[in-house]
Amino acid sequence: GGLRALQGKLAPILVSHYKPRNPVHGFLKGRSIVTNAKQHKRKRYVLNIDLKNFYESINFGRVIGLFKAKPFNMGKKAAAVAAHMCIFENSLPQGAATSPVISNYIASELDRRLSCLARRYKLTYTRYADDITFSSNNRKFPEKIAFFDGNNAITNKCHVGSILV
């Protein structure tokens, strides 16, 4: 009904102000799951991590904070009204027109940090929604990012390294 219509009108405004970082491929014009995957083509190692409860972790307070900050600079009450339009049961709802772009805004600090980490270890980093991918042609994948129980990449379990925990 009316809330969906409001979200539909708000979403393009949010998108028009979003400045995507290079590693972001989800919910952007000209970028897709395919452009995301191409960044990791012909790499010796590819690590894909699915962020658990990604949308659910984006709550009312985080969305108010987004609207109060640049580029929106809304007052507290206006930010609360906008956040109420985008949040359901204190989380970002799957399927709302505003959820994809809001998730990209909220994840921008994560993207910045993981991009820095990737540069430090000479890795390629991308994010498509809640899927994070690191890849490398290095001789050995950095154990601080991920490692295997044993030395066999096929038969041993992979663990996220200490720097990502």
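Before reading further, recall that the structure is shown in the block above.
The following paragraphs examine the structure supplied in this document. Since this is a predicted model, take the numbers as computed values, not measurements.

## Section: unusual backbone geometry
So, step 1. Cis geometry is adopted by the peptide bond preceding Pro 71, which originates at Lys 70 and carries an omega value of 10°.
So, step 2. With respect to the helices, strands and loops of the structure, Pro 71 is situated in the loop between α3 (60-68) and α4 (76-86).
So, step 3. A positive phi angle, near 60°, is found at Arg 42, a position not held by glycine.
So, step 4. Mapped onto the fold, Arg 42 is located in the loop between α2 (33-38) and β1 (45-50).
So, step 5. Notably, Glu 89 is not glycine yet its phi reads approximately 50°, a positive angle.

## Digging into the environment of Lys 38
So, step 1. Along the chain, Lys 38 turns up in helix α2.
So, step 2. A relative accessible area of 57% places Lys 38 in the exposed class.
So, step 3. The spatial distance from the C-alpha of Lys 38 to the C-alpha of Arg 112 is 20 Å, given a sequence separation of 74 residues.

## Side note on the environment of Ile 49
So, step 1. In this fold, Ile 49 is placed in strand β1.
So, step 2. Once the C-alpha coordinates of Ile 49 and Ile 132 are considered, the two residues, 83 residues apart in sequence, prove to be 5.0 Å apart.
So, step 3. Look past the residues within four positions of Ile 49 in its chain and what remains in contact with it is Asp 130, Asp 131, Ile 132 and Leu 164.

## Some remarks on the nonpolar core
So, step 1. Among the nonpolar cores identified, the biggest contains 26 residues, and Leu 14, Ile 58, Val 63, Phe 67, Ile 102 and Tyr 105 are the most heavily contacted of them.
So, step 2. For this core, the secondary structure elements donating two or more residues are α1 (2-17), α3, α4 and α5 (99-106).
So, step 3. The element that contributes the greatest number of residues to this core is α4, accounting for 6 residues.
So, step 4. Residues within four places of Phe 67 in sequence aside, it is in contact with Leu 14, Phe 72, Asn 73, Met 74, Ala 79, Ala 82, Ala 83, Cys 86 and Ile 102.

## Looking at the sheet that holds strand β2 (residues 124-128)
So, step 1. Read from one edge of the open sheet, 3 strands run β1-β3-β2, paired in antiparallel fashion. The open sheet has two edge strands, β1 and β2, and neither has a second partner. Strand after strand, the sheet turns through a mean of 15° between neighbouring axes, direction not considered.

What counts, and where the lines are drawn
- Residues numbered from 1 in each chain as written.
- Predicted model: local features only at pLDDT ≥ 70, side-chain atom pairs only at ≥ 80, totals over all residues.
- Heavy atoms only, no water.
- Helix = DSSP H or I, 4+ residues; strand = E, 2+ residues; numbered from the N terminus.
- Buried < 20%, exposed > 50% of the residue type's maximum accessible area, 1.4 Å probe, protein only.
- Contact = heavy atoms within 4.5 Å.
- Core = buried A, V, L, I, M, F, W, Y, C linked by side-chain atoms within 4.5 Å.
- Pairing = 2+ DSSP bridges.
- Axes fitted to C-alpha atoms, helices over the stretch in contact; angles between N-to-C directions.

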